[in-house]
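Chain by chain, the residues run as shown.
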Amino acid sequence: MINVTKTFLPPQEEYQAILKRAWDTGWMTNRGVLVKELEGQLKSYLGVNQMIAMTNGTLPLQIAIKALNLEGEIITTPFSYVATTSSIVWEGCTPVFVDIHPEYLTIDETKIEAAITPKTTAILATHVFGNPCAIDEIEIIAKKYNLKVIYDAAHCFGVTYKEQSIFNYGDVSTCSFHSTKLFHTGEGGALFCNDAHLLNSLFYHHNFGHKGKEDFQGIGINGKMSELQAALGLSVLPYMEQIIASRKNAIEVYNSLLETINVKTITIRPETEWNFSYYPILFEEEAQLLKVVAALNKKEIYPRRYFYPSLNTLPYIIHSSLPLSEAISKRILCLPLYYRVDENIQILIANIIKSSL
């Protein structure tokens, strides 16, 4: 069975050796030595100054909304994983959707201003498949209207834009370290923020609001990463160059195999160093996609309709018409991509797509 991705697992003995350090102390959570060590190594690897490692990739979004004291309306994208929208709703705010760019698939920056109202407090945009938003234009709009900017950068581990880590942009950026991601800690995630005052607020929000052992600075929740998660991250991190190189090679193979087929691939924004995190293809119509998926499933190959459906159609959202996002979400499919994917499998997938079309 071939799934859309496969978790990279380092040699078990390497993970066990790191984990033993926590085991010997009996310190499993509450920011033990491994969490702090992982944060230090990630800051160096990614080229960021400040970060908070957390237990998953959704809580950072919710905590960012809370720490920024956001209310009212938050402009966002309908083309993302459901956590982007559900975090807004969960925190009592209203998502206001803006359609997406037809090539980059990120929020269409030219349509943001028209969606701003007196109730708008922020923009929450997703760097889709690790492909950056129009960061410069969004920053100009945010400053003009005094809006906060949160970037859902769940897919962006290792991505740089204009020679800067993608996590250095916006008021807050978030990342997922889920086991399906390029870099992972099993479950996990992180917050990135360059403002020291805001970082302090983000920090106490993720630790029950604690200010020392017996005092509280404000309301909080439990978003802390465990030592078990950090140990896995520390054992995965040394392999990142190999992981990225392998995925780059696999994407080049797919590009070669599918170049004669009438499907589109993602367009990466200029001045971006991409991380080769996904391989989405876009069909001309949904019927073609469904036919390909059925044919692949017969061979126990399971690509993913990522992202589907368009988030403006969620049952707990007041529906608004967003033609591009709705159309693209019905026609886009991510093919299997992971560390050392067998080229013979890629050839089989390409042949099935060709014969189906």
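Anything mentioned here points back to the structure above.
Residues numbered from 1 in each chain as written. Predicted model: local features only at pLDDT ≥ 70, side-chain atom pairs only at ≥ 80, totals over all residues. Heavy atoms only, no water.

K.L.:
Help me understand unusual backbone geometry in this model?
P.N.:
Glycine aside, residues mostly have negative phi angles, and peptide bonds mostly take the trans form. Cis geometry marks the peptide bond from Tyr-306 to Phe-307, where omega comes out at 10°. Not every positive phi belongs to a glycine, and Leu-105 is a case in point at roughly 70°. Inspection of the secondary structure assignment puts Leu-105 in the loop between strand 4 (94-97) and helix 5 (112-115). In this structure, Phe-208 is a non-glycine residue whose phi angle is positive, near 65°. By the element assignment, Phe-208 lies in the loop between helix 7 (196-205) and helix 8 (227-236). (Helix = DSSP H or I, 4+ residues; strand = E, 2+ residues; numbered from the N terminus.)

K.L.:
What is the right way to read the packing of helix 2 (residues 33-46) against helix 8 from this model?
P.N.:
When two helices pack together, their arrangement is given by the angle between their axes and by how far apart the axes lie. At a minimum axis distance of 8 Å, the contact between helix 2 and helix 8 shows a crossing angle of 40°. Note that helix 2 runs across helix 8; the crossing there is left-handed. The residues of helix 8 that touch helix 2, namely those facing Val-33, Leu-34, Val-35, Glu-37, Leu-38 and Gln-41, are Glu-227, Ala-230, Ala-231, Gly-233 and Leu-234. Partitioning the contact of helix 2 with helix 8 into residue classes produces 7 nonpolar, 2 polar and 2 charged. (Axes fitted to C-alpha atoms, helices over the stretch in contact; angles between N-to-C directions. Left-handed = near helix turned anticlockwise from the far one by under 90°. Contact = heavy atoms within 4.5 Å. Nonpolar A, V, L, I, M, F, W, Y, C, P; charged D, E, K, R; others polar.)

K.L.:
What exactly am I supposed to notice about the packing of aromatic side chains here?
P.N.:
The geometry of two aromatic rings is summed up by the distance between their centres and the angle between their planes. Here the structure, examined in full by the defined rule, presents 17 aromatic pairs. Pairing Phe-129 with Tyr-278 gives two aromatic rings, centres 5.5 Å apart and planes at 55°, and the pair type is tilted. Here Tyr-278 lies in the loop between strand 12 (272-273) and strand 13 (280-282) and Phe-129 lies in the loop between strand 5 (120-126) and helix 6 (135-145), a separation of 149 residues in the sequence. Accessibility expressed as a relative area gives 0% for Phe-129, which makes it buried. (Phe/Tyr/Trp six-rings, centres within 6.5 Å; stacked < 30°, edge-to-face > 60°. Buried < 20%, exposed > 50% of the residue type's maximum accessible area, 1.4 Å probe, protein only.)

K.L.:
What exactly am I supposed to notice about the pairing of strand 2 (residues 51-54) here?
P.N.:
The alternating pattern of strand 2 places Met-51 and Ala-53 and Ile-52 and Met-54 on opposite faces, both of which are buried. Sheet topology note: the strand 2/strand 10 (residues 189-192) ladder contains 4 bridges and is antiparallel. The residue of strand 10 that forms the bridge with Met-51 is Phe-192. (Pairing = 2+ DSSP bridges.)

K.L.:
I would appreciate a short explanation of the sheet that holds strand 9 (residues 172-176) in the present structure.
P.N.:
By way of backbone hydrogen bonds, the strands of a sheet pair with one another, either parallel or antiparallel. Reading across the sheet, the 7 strands line up as 2-10-9-6-5-3-4 and stay open at both edges, with mixed pairing between neighbours. Either end of the sheet is taken by a strand with one partner, and the two such strands are strand 2 and strand 4. Averaged over all adjacent pairs, the angle separating strand axes in this sheet is 20°, with direction ignored. Of the strand pairs in this sheet, strand 9 and strand 10 are connected by 4 bridges, and their pairing is antiparallel. When the sheet's bridge partners are listed, Ser-176 is paired in strand 10 with Gly-189. Lying on the sheet, helix 2 is in contact with strand 2 and strand 10; it crosses strand 2 at an angle near 130°. Along the sheet, helix 7 contacts strand 2, strand 9 and strand 10; its crossing angle with strand 2, the most-contacted strand, is approximately 15°.

K.L.:
Can you walk me through the pattern of salt bridges in this structure?
P.N.:
If charged atoms from side chains of opposite charge come close, those side chains can pair. In this structure the tally under the stated criterion is 10 salt bridges. A salt bridge links Glu-39 to Arg-31, with the nearest nitrogen and oxygen atoms 2.8 Å apart. By the burial criterion, Glu-39 is buried, and Arg-31 matches it. Ionic pairing is found between Lys-162 and Asp-136, a salt bridge with its closest N-O pair at 2.6 Å. Residue Lys-162 is located in the loop between strand 7 (160-161) and strand 8 (164-165), and its partner Asp-136 is located in helix 6; the two are separated by 26 residues in the primary sequence. Lys-162 sits in the partly exposed class, given a relative accessible area of 36%. (Salt bridge = Lys/Arg side-chain N within 4 Å of Asp/Glu carboxyl O.)

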